[in-house]
Amino acid sequence: MATTVNTVEQAQPERTITAYEHPWVVRFAHWVNAVALLVLIASGLQILRAFPSFGPKIPQKNFFVPPKSISLGGWLAGGMQWHFTFMWLFVGSGLLYVIYQIVTGHWRQVLFLPRDIKGVWPMARHYFLFGKKPPVEAAYNPLQKLAYTVSVLLGVISTLTGLVIYKPVQFWWLTWLMGGFHYARIWHFFAMCGFLAFIPGHLIMVALHGWNNFYSMITGWKRSPEYLD
(Lines give C-alpha, C1' and ligand atoms only; values in the text may rest on other atoms or scores of the structure.)
Protein backbone atom coordinates (compact mmCIF):
# COMPACT_ATOMS: atom_id res chain seq x y z
CA MET A 1 0.00 0.00 0.00
CA ALA A 2 1.50 3.27 -1.10
CA THR A 3 1.55 6.21 1.27
CA THR A 4 1.25 9.74 -0.10
CA VAL A 5 2.84 12.53 1.90
CA ASN A 6 1.77 16.10 1.22
CA THR A 7 4.34 18.70 2.21
CA VAL A 8 2.91 22.07 3.12
CA GLU A 9 5.34 24.96 3.04
CA GLN A 10 4.58 27.63 5.57
CA ALA A 11 4.97 31.17 4.38
CA GLN A 12 7.47 33.18 6.36
CA PRO A 13 6.04 36.33 7.93
CA GLU A 14 7.16 39.47 6.20
CA ARG A 15 9.77 41.40 8.16
CA THR A 16 8.96 44.97 9.06
CA ILE A 17 11.98 47.23 8.87
CA THR A 18 12.07 50.03 11.40
CA ALA A 19 14.47 52.91 11.89
CA TYR A 20 15.03 55.05 14.97
CA GLU A 21 14.73 58.46 13.32
CA HIS A 22 13.90 60.85 16.15
CA PRO A 23 15.68 60.59 19.52
CA TRP A 24 13.78 61.82 22.57
CA VAL A 25 15.66 65.14 22.58
CA VAL A 26 14.43 65.94 19.07
CA ARG A 27 10.86 64.89 19.88
CA PHE A 28 10.81 66.85 23.12
CA ALA A 29 12.17 69.98 21.47
CA HIS A 30 9.75 69.59 18.53
CA TRP A 31 6.56 69.40 20.60
CA VAL A 32 7.55 72.08 23.13
CA ASN A 33 8.55 74.37 20.28
CA ALA A 34 5.32 73.68 18.39
CA VAL A 35 3.12 74.63 21.35
CA ALA A 36 5.26 77.65 22.22
CA LEU A 37 5.17 78.89 18.64
CA LEU A 38 1.38 78.79 18.45
CA VAL A 39 1.10 80.71 21.72
CA LEU A 40 3.70 83.25 20.60
CA ILE A 41 1.86 83.88 17.33
CA ALA A 42 -1.51 84.35 19.03
CA SER A 43 -0.12 86.54 21.83
CA GLY A 44 2.02 88.47 19.34
CA LEU A 45 -1.11 89.33 17.38
CA GLN A 46 -2.66 90.61 20.62
CA ILE A 47 0.38 92.85 21.18
CA LEU A 48 0.14 94.07 17.59
CA ARG A 49 -3.49 95.05 18.19
CA ALA A 50 -2.27 97.71 20.65
CA PHE A 51 -0.37 99.49 17.86
CA PRO A 52 -1.19 97.91 14.48
CA SER A 53 1.13 100.18 12.53
CA PHE A 54 4.74 100.16 11.40
CA GLY A 55 4.92 103.89 10.94
CA PRO A 56 4.85 106.91 13.28
CA LYS A 57 2.27 107.14 16.04
CA ILE A 58 1.21 110.59 14.89
CA PRO A 59 -0.48 110.38 12.50
CA GLN A 60 -1.11 106.66 12.95
CA LYS A 61 -1.98 104.62 9.87
CA ASN A 62 -2.97 101.07 10.74
CA PHE A 63 -1.29 98.38 8.65
CA PHE A 64 -3.20 95.34 9.91
CA VAL A 65 -5.54 94.95 12.86
CA PRO A 66 -5.64 91.25 13.87
CA PRO A 67 -9.08 89.89 14.72
CA LYS A 68 -9.61 89.42 18.44
CA SER A 69 -10.72 85.84 17.81
CA ILE A 70 -7.18 84.76 16.83
CA SER A 71 -5.42 86.80 19.51
CA LEU A 72 -4.43 85.61 22.97
CA GLY A 73 -4.26 87.62 26.16
CA GLY A 74 -7.36 89.82 26.08
CA TRP A 75 -5.40 93.08 26.20
CA LEU A 76 -1.85 94.39 25.81
CA ALA A 77 -0.52 93.37 29.24
CA GLY A 78 -2.16 89.96 28.99
CA GLY A 79 -0.67 89.35 25.56
CA MET A 80 2.78 90.36 26.82
CA GLN A 81 2.55 87.97 29.77
CA TRP A 82 1.76 85.04 27.47
CA HIS A 83 4.45 86.17 25.02
CA PHE A 84 7.25 86.55 27.56
CA THR A 85 6.40 83.26 29.29
CA PHE A 86 6.41 81.11 26.17
CA MET A 87 9.34 83.02 24.70
CA TRP A 88 11.60 81.16 27.16
CA LEU A 89 10.15 77.78 26.12
CA PHE A 90 10.59 78.65 22.45
CA VAL A 91 14.20 79.80 22.82
CA GLY A 92 15.12 77.01 25.24
CA SER A 93 13.73 74.20 23.10
CA GLY A 94 15.26 75.77 19.99
CA LEU A 95 18.70 75.94 21.60
CA LEU A 96 18.35 72.34 22.83
CA TYR A 97 17.54 71.18 19.30
CA VAL A 98 20.41 73.09 17.65
CA ILE A 99 22.98 72.04 20.27
CA TYR A 100 21.91 68.41 19.95
CA GLN A 101 22.23 68.53 16.16
CA ILE A 102 25.74 69.98 16.40
CA VAL A 103 27.01 67.65 19.16
CA THR A 104 25.71 64.47 17.52
CA GLY A 105 26.55 65.47 13.94
CA HIS A 106 22.91 64.90 12.95
CA TRP A 107 22.87 68.36 11.38
CA ARG A 108 24.42 66.80 8.27
CA GLN A 109 21.11 65.04 7.59
CA VAL A 110 18.83 68.05 7.96
CA LEU A 111 20.87 71.09 6.89
CA PHE A 112 19.98 72.39 3.42
CA LEU A 113 23.10 72.72 1.26
CA PRO A 114 23.68 73.99 -2.32
CA ARG A 115 23.75 70.41 -3.63
CA ASP A 116 20.12 70.00 -2.47
CA ILE A 117 18.80 72.84 -4.66
CA LYS A 118 18.25 70.66 -7.72
CA GLY A 119 16.04 68.28 -5.74
CA VAL A 120 13.61 70.88 -4.38
CA TRP A 121 11.39 71.35 -7.44
CA PRO A 122 10.92 67.63 -8.25
CA MET A 123 9.85 66.97 -4.66
CA ALA A 124 7.58 70.06 -4.55
CA ARG A 125 6.00 68.96 -7.83
CA HIS A 126 5.36 65.53 -6.32
CA TYR A 127 3.81 66.91 -3.13
CA PHE A 128 1.68 69.71 -4.49
CA LEU A 129 1.15 68.93 -8.20
CA PHE A 130 0.94 65.12 -7.95
CA GLY A 131 4.01 64.61 -10.09
CA LYS A 132 6.23 61.56 -10.20
CA LYS A 133 7.86 60.76 -6.88
CA PRO A 134 11.66 61.20 -6.95
CA PRO A 135 13.82 58.37 -5.56
CA VAL A 136 14.15 58.46 -1.77
CA GLU A 137 17.82 58.17 -0.84
CA ALA A 138 18.01 59.68 2.64
CA ALA A 139 15.94 60.23 5.78
CA TYR A 140 15.17 63.82 4.69
CA ASN A 141 14.50 64.88 1.12
CA PRO A 142 15.69 68.26 -0.23
CA LEU A 143 12.33 69.95 0.33
CA GLN A 144 12.24 68.83 3.95
CA LYS A 145 15.81 70.03 4.46
CA LEU A 146 14.89 73.44 3.02
CA ALA A 147 11.82 73.73 5.25
CA TYR A 148 13.67 72.73 8.44
CA THR A 149 16.67 74.95 7.72
CA VAL A 150 14.42 77.95 7.01
CA SER A 151 12.44 77.28 10.19
CA VAL A 152 15.64 77.45 12.27
CA LEU A 153 16.63 80.71 10.55
CA LEU A 154 13.16 82.13 11.25
CA GLY A 155 13.60 81.17 14.89
CA VAL A 156 16.92 83.02 15.05
CA ILE A 157 15.46 86.11 13.35
CA SER A 158 12.39 86.18 15.58
CA THR A 159 14.54 85.82 18.71
CA LEU A 160 17.03 88.55 17.78
CA THR A 161 14.34 90.99 16.62
CA GLY A 162 12.36 90.21 19.77
CA LEU A 163 15.36 91.20 21.88
CA VAL A 164 15.60 94.50 20.01
CA ILE A 165 11.90 95.23 20.49
CA TYR A 166 12.13 94.33 24.19
CA LYS A 167 15.44 96.09 25.00
CA PRO A 168 16.38 98.42 22.12
CA VAL A 169 18.80 100.49 24.23
CA GLN A 170 20.58 97.60 25.95
CA PHE A 171 20.98 95.80 22.60
CA TRP A 172 21.76 98.99 20.69
CA TRP A 173 24.17 97.23 18.32
CA LEU A 174 21.47 94.75 17.29
CA THR A 175 19.05 97.64 16.91
CA TRP A 176 21.55 99.39 14.63
CA LEU A 177 22.17 96.23 12.57
CA MET A 178 18.44 95.85 11.94
CA GLY A 179 17.99 99.43 10.85
CA GLY A 180 16.40 100.70 14.03
CA PHE A 181 13.51 99.83 16.32
CA HIS A 182 10.81 100.29 13.68
CA TYR A 183 12.56 97.99 11.20
CA ALA A 184 13.05 95.39 13.94
CA ARG A 185 9.27 95.30 14.38
CA ILE A 186 8.89 94.76 10.63
CA TRP A 187 11.44 91.89 10.58
CA HIS A 188 9.73 90.38 13.63
CA PHE A 189 6.38 90.51 11.82
CA PHE A 190 7.88 88.98 8.66
CA ALA A 191 9.37 86.16 10.74
CA MET A 192 5.91 85.40 12.09
CA CYS A 193 4.54 85.41 8.52
CA GLY A 194 7.29 82.95 7.60
CA PHE A 195 6.18 80.59 10.37
CA LEU A 196 2.57 80.95 9.28
CA ALA A 197 3.64 79.85 5.79
CA PHE A 198 5.79 77.01 7.17
CA ILE A 199 3.15 75.46 9.44
CA PRO A 200 0.55 74.47 6.78
CA GLY A 201 3.31 73.33 4.40
CA HIS A 202 4.79 71.19 7.16
CA LEU A 203 1.40 69.67 8.00
CA ILE A 204 0.73 68.91 4.33
CA MET A 205 4.05 67.09 4.02
CA VAL A 206 3.32 65.11 7.19
CA ALA A 207 -0.12 64.14 5.87
CA LEU A 208 1.24 63.10 2.48
CA HIS A 209 3.98 61.02 4.12
CA GLY A 210 1.32 59.07 6.01
CA TRP A 211 0.75 57.93 9.59
CA ASN A 212 4.24 56.43 9.94
CA ASN A 213 5.81 59.87 9.73
CA PHE A 214 3.61 61.28 12.48
CA TYR A 215 4.02 58.12 14.58
CA SER A 216 7.80 58.44 14.42
CA MET A 217 7.65 61.91 15.98
CA ILE A 218 5.81 60.39 18.94
CA THR A 219 7.78 57.17 19.51
CA GLY A 220 10.99 57.90 17.59
CA TRP A 221 10.62 54.77 15.44
CA LYS A 222 9.56 54.82 11.80
CA ARG A 223 8.17 51.71 10.17
CA SER A 224 9.31 50.69 6.70
CA PRO A 225 11.26 53.84 5.80
CA GLU A 226 11.60 54.14 2.03
CA TYR A 227 15.32 54.90 2.12
CA LEU A 228 15.97 51.45 3.64
CA ASP A 229 14.02 49.48 1.01
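Counting starts from 1 at the beginning of each chain's written sequence and moves along it residue by residue. It should be noted that, the model being predicted, local features are given only for residues of pLDDT at least 70 and side-chain atom pairs only at 80 or more, the latter also being counted only at that level, while totals for whole chains, interfaces and linings use all residues. Side-chain figures throughout are based on the complete set of non-hydrogen atoms in the structure, without hydrogens or water.

Student: It is not clear to me how a nonpolar patch on the surface should be interpreted in this structure. Could you clarify?
Tutor: Here the term patch refers to residues with relative accessible area over 30% and no salt bridge, with like charges joined within 9 Å and nonpolar side chains (Val, Leu, Ile, Met, Phe, Trp, Tyr) within 5 Å. Per-residue accessibility takes into account occlusion by the displayed protein chains alone, with areas from the Shrake-Rupley method and a 1.4 Å probe. By convention in these notes, a salt bridge is any Lys or Arg side-chain nitrogen within 4 Å of a carboxyl oxygen on Asp or Glu. Side chains of Val 98, Ile 102, Trp 107, Leu 111, Val 152, Val 156 and Leu 160 sit close together on the surface and give an oily, nonpolar patch of about 520 Å² of accessible area. Of all the secondary structure elements, the ones that give two or more residues to the nonpolar patch are α2 (76-104) and α5 (142-166). Per the convention used, a helix needs a DSSP run of H or I reaching at least four residues, while a strand needs a run of E reaching at least two, with both numbered from the N terminus. In terms of residue count, α5 provides more of the nonpolar patch than any other element does, three residues in total.

Student: Please clarify how the packing of aromatic side chains should be interpreted in this entry.
Tutor: The geometry of an aromatic ring pair is captured by the separation of the ring centres together with the interplanar angle, meaning the angle of the planes. For Phe, Tyr and Trp, rings pair up if their centres lie within 6.5 Å, where Trp contributes its six-membered ring, and each pair is then called stacked (planes under 30 degrees apart), edge-to-face (over 60) or tilted (otherwise). Inspection of the entire model under this criterion finds eleven aromatic pairs. Measuring from centroid to centroid gives 6.1 Å for Trp 31 and Phe 214, while their planes differ by 80 degrees, and the two rings are edge-to-face. Of this pair, Trp 31 sits in helix α1 (residues 24-50) while Phe 214 sits in helix α8 (residues 211-219), and the two are 183 residues apart along the sequence. Since its relative accessible area comes to 33%, Phe 214 is described here as partly exposed. Linked through ring pairs, Phe 54, Phe 63, Tyr 183, Trp 187, Phe 189 and Phe 190 together constitute an aromatic cluster. Relative accessibility decides the category of a residue: with a 1.4 Å probe and only protein chains considered, values under 20% of the type maximum give buried, values over 50% give exposed, and everything between is partly exposed.

Student: Please clarify how α8 should be interpreted in this entry.
Tutor: Every α-helix carries 3.6 residues per turn, so stepping three or four residues along brings you back to the same face. All of the buried residues along α8 are Asn 213, Ser 216 and Met 217. The buried residues of α8 all sit within an arc of 95 degrees when viewed along its axis, so they share a single face. In the stretch just after α8, Gly 220 is the one whose phi turns positive, near 95 degrees. Each direction from the helix axis to a C-beta atom contributes to the arc, which is the arc of those directions.

Student: In this structure, what is going on with the environment of Val 152? I would like to understand it.
Tutor: Along the chain, Val 152 turns up in helix α5. For Val 152, a relative accessible area of 33% translates into the label partly exposed. Remark: the alpha-carbon pair of Val 152 and Leu 95, spanning 57 residues in sequence, is separated by 9.9 Å. We call two residues contacting when some pair of their heavy atoms lies within 4.5 Å. Excluding residues that lie within four positions of it along the chain, Val 152 makes contacts with Tyr 97 and Val 98.

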